Protein chains: 2
Amino acid sequence: MTSMAKVAFIGLGVMGYPMAGHLAGKGGHDVTVYNRTAAKTEKWVQEFGGSHAATPAEAAKRADFVFCCVGNDDDLRSVTTGADGAFSSMKNGAIFIDNTTASAEVARELDHAATEAGFHFLDAPVSGGQAGAENGQLTVMVGGEQPVFERARPVIDAYAKMVGLMGPAGAGQLTKMINQICIAGVVQGLAEGIHFGKKAGLDIEKVVEVISKGAAGSWQMENRHKTMNAGKYDFGFAVDWMRKDLGILLEEADRNGASLALTALVDQFYKDVQKLGGNRWDTSSLLARLER
Amino acid sequence: MTSMAKVAFIGLGVMGYPMAGHLAGKGGHDVTVYNRTAAKTEKWVQEFGGSHAATPAEAAKRADFVFCCVGNDDDLRSVTTGADGAFSSMKNGAIFIDNTTASAEVARELDHAATEAGFHFLDAPVSGGQAGAENGQLTVMVGGEQPVFERARPVIDAYAKMVGLMGPAGAGQLTKMINQICIAGVVQGLAEGIHFGKKAGLDIEKVVEVISKGAAGSWQMENRHKTMNAGKYDFGFAVDWMRKDLGILLEEADRNGASLALTALVDQFYKDVQKLGGNRWDTSSLLARLER
């Protein structure tokens, strides 16, 4: 438990809406929300109480903790250092916690700007998807300074099942990138395995039952084989979002020199899925391009 | 428990030696062994009792269950339908259980030959590696007829933790192929993830602690990240064996029409590992070629 804090939340999307809800509900904090589309803020306030602000600057100005979950680097710059952005009004010593999946570069840039202006920044991308956000069971990968992390952690806990400090500014984003690299490999391997199994006339359920506890096993196999086998992809983490993440991390790999042949290939495969109309399909839809 | 049976075991390699041991020990069966190199059969008999035979035919002639675990399709044909092969002496109604990882084609061919000659055939490749063989905790993927499977299963149980009938002759081999396809994708994704993480200066242990329970998680991540991070590959399932399996399944995919772009790519990556001298390294050594 933590005492009630003044909290702001910027960005009430599929993830941010329930995350802000947990900060108000389970966290018991005094939450002010901001969203580009005002209708959502009104709906949110009706559901969870708290208040809404007309700009990120207005939402942030009295808050001890300002959370943010927007679409990409540009959106993030817009709501922080842009006109009427939160960084123009942040209190001295307050903490800005960015849950957006963004580049490590923008995290370092905003961390620098925050420090210059006398407040703190944590990059804190999440995994666990919409279901994790709704259940308050997200994994949160944090980059920043230890004492700042310690102060923010009890507040973050309202929507998390696992919170880790991964290193200095940007390290949260870099950890999320590793997460996505691993998912790309697992899902494509699983898609080829199921594809092969169907061509071979095997019962996929039975195959998974036998192999899933051993060296081929994965979260994706356990949790996605049924929907993949049924060709059901209208849920989960969308291909468009995965391609955004893969784009960010492939750029980072160009900077740090990592060779990501498989990841780059899977990114191209996701492009095929987009061409099939799968922009909003779950990442497991890599199988769809093999079966088209 | 099952009553004592007359059992033969052909091929006392890294896998076969302990598997035959469990049939004698835990299974309590009367086991006769055959191995190309006679020194191993003598050592085995000293350790586990039973008896040894000079040829596969001699080993098989009194057995109700003949097990076999050899290197590849050619070795398998040699010890079954070759000169002094087991198929020349198998008893009427006996069961030949092949634990070799081989093609589905040779399984169907030997099943046909066995049926013609009045005995039964099960293809029963295993996963779980040397450790699984030594602990008697293998996963066994079986192809064949249900009544034959039911008779063999209590005997197979001596070295298994999981035994599944996957379909008709060849279905065991096809299931093992799916297992290897999934492993190829998981390991390459994990290798790229760890490679990226090291380049990014992250603490790999900490990263795995945070992401391993979520959508990126896998048996390989849980069980191989430490050794991969340490560059330790002198154990486990060897690259040469993996390439043998990948060769077999890529040929099968040519027959059944499955598209396995990632699997074919990873097969080429394993060739790079062989060029680095990694023929006997564990499959997780895909990371080594990224770090060379």
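Residues numbered from 1 in each chain as written. Chains lettered and ligands numbered in written order. Predicted model: local features only at pLDDT ≥ 70, side-chain atom pairs only at ≥ 80, totals over all residues. Heavy atoms only, no water.

### Considering the overall build of chain A
(1) Moving on: A tally of regular secondary structure across chain A gives 13 helices and nine strands.
(2) Moving on: Taking 2.2 N^0.38 as the reference for a compact globule, 292 residues should give roughly 19 Å; the C-alpha atoms of chain A span a radius of gyration of 20 Å, in line with that estimate.
(3) Moving on: C-alpha atoms of chain A, sized along the principal axes, occupy 65 × 45 × 35 Å.
(4) Moving on: Relative to its full complement of 292 residues, chain A shows a buried share of 59%.
(5) Moving on: Considering only contacts within chain A whose residues lie at least 6 apart along the sequence, 66% involve residues at least 24 apart.
(6) Moving on: Split by element, the accessible area of chain A, about 11000 Å² in all, is 49% carbon and sulfur.
(7) Moving on: Computed over 29 positive and 34 negative side-chain charges, the separation of the two mean positions in chain A equals 4 Å. (Helix = DSSP H or I, 4+ residues; strand = E, 2+ residues; numbered from the N terminus. Rg over C-alpha atoms; globule rule 2.2 N^0.38 Å. Buried < 20%, exposed > 50% of the residue type's maximum accessible area, 1.4 Å probe, protein only. Contact = heavy atoms within 4.5 Å. Areas by Shrake-Rupley, 256 points an atom, 1.4 Å probe, with all protein chains shown as cover. Lys, Arg positive; Asp, Glu negative; His and termini not counted. Charge placed at Lys NZ, Arg CZ, Asp CG, Glu CD.)

### A word on the relation of the copies chain B and chain A
(1) Moving on: Each copy of the sequence occupies a distinct position, and chain B is placed on chain A by a rotation of 180 degrees and an axial shift of 0.0 Å, giving an RMSD of 0.0 Å. Put plainly, the chains are arranged around a two-fold axis. Taking the C-alpha atom as reference, chain B places S218 of chain B closest to the rotation axis, 1.9 Å from it.
(2) Moving on: Here 100% of the interface residues in chain B have copies in chain A that are interface residues too; the copies meet face to matching face. (Least-squares fit on C-alpha atoms with pLDDT ≥ 70 in both.)

### Topic: the nonpolar core
(1) Moving on: If you look at the biggest cluster of nonpolar residues, it comprises 88 residues, and the most contacted ones within it are F196 of chain A together with F196 of chain B.
(2) Moving on: When neighbours within four sequence positions are excluded, F196 of chain B is seen to be in contact with L174, M177, I178, I181, L249, E252, A253, N256, A258 and L260 of chain A. (Core = buried A, V, L, I, M, F, W, Y, C linked by side-chain atoms within 4.5 Å.)

### Topic: the UniProt feature "domain: 3-hydroxyisobutyrate dehydrogenase-like NAD-binding" (unreviewed entry) in chain A
(1) Moving on: Listed under "domain: 3-hydroxyisobutyrate dehydrogenase-like NAD-binding" (unreviewed entry) in the UniProt record, and renumbered for this structure, are residues 170–288 of chain A.
(2) Moving on: When the span residues 170–288 of chain A is considered, its composition is 71% helix and 0% strand, and the gap between its end C-alpha atoms is 34 Å. (UniProt positions renumbered as here; feature names shortened; annotations may be inferred.)

### Thoughts on the interface of chain B and chain A
(1) Moving on: Facing 56 residues of chain B, the contacting portion of chain A comprises 56 residues.
(2) Moving on: Summed over both sides, the interface of chain B with chain A buries roughly 4700 Å², with 73% coming from carbon and sulfur.
(3) Moving on: If you look at where chain B meets chain A, you find zero salt bridges.
(4) Moving on: Joining chain B to chain A, the criterion identifies 12 residue pairs in polar contact (both at pLDDT 80 or more).
(5) Moving on: Where the side of chain B that touches chain A is concerned, the elements lending two or more residues are β8 (138–143), β9 (160–167), α8 (171–199), α9 (204–211), α10 (219–230), α11 (239–256) and α12 (261–275) of chain B. (Buried area = accessible area lost by both parts, 1.4 Å probe. Salt bridge = Lys/Arg side-chain N within 4 Å of Asp/Glu carboxyl O. Polar contact = N/O pair within 3.5 Å; in protein donor to acceptor, adjacent residues only side chain to side chain.)

### Here's the deal with the pattern of salt bridges
Residue and element names in this part refer to chain A.
(1) Moving on: All told, the structure shown has 28 salt bridges over all chains when counted by the stated rule.
(2) Moving on: The shortest N-O distance in the salt bridge between K91 and D64 comes to 2.9 Å. In this pair, K91 is assigned in the loop between α4 (73–80) and β5 (95–98) and D64 in the loop between α3 (56–60) and β4 (65–68), connecting sequence segments 27 residues apart.
(3) Moving on: Note on K91: relative accessible area 32%, which makes it partly exposed.
(4) Moving on: Exposure remark for D64: the relative accessible area of 26% places this residue in the partly exposed category.

### Notes on helix α1 (residues 16–24) of chain A
(1) Moving on: α1 of chain A sits mainly inside the fold: nine of its nine residues count as buried.
(2) Moving on: Buried within α1 of chain A we find G16, Y17, P18, M19, A20, G21, H22, L23 and A24 of chain A.

### A few points about the domain arrangement of chain A
Residues and elements named next belong to chain A.
(1) Moving on: Domain parsing of chain A yields domain 1 (6–167) and domain 2 (174–291).
(2) Moving on: Placing a centre on the C-alpha atoms of domain 1 and another on those of domain 2 gives a separation of 29 Å.
(3) Moving on: With 13 residues of domain 1 at the contact, the number on the domain 2 side is 10 residues.
(4) Moving on: Around 1000 Å² of area is buried between domain 1 and domain 2 when both sides are counted, 60% of it from carbon and sulfur atoms.
(5) Moving on: Counting the contacts that link domain 1 with domain 2 gives one salt bridge.
(6) Moving on: The interface formed by domain 1 and domain 2 contains five residue pairs in polar contact (both at pLDDT 80 or more). (Domains from an automatic or database assignment.)

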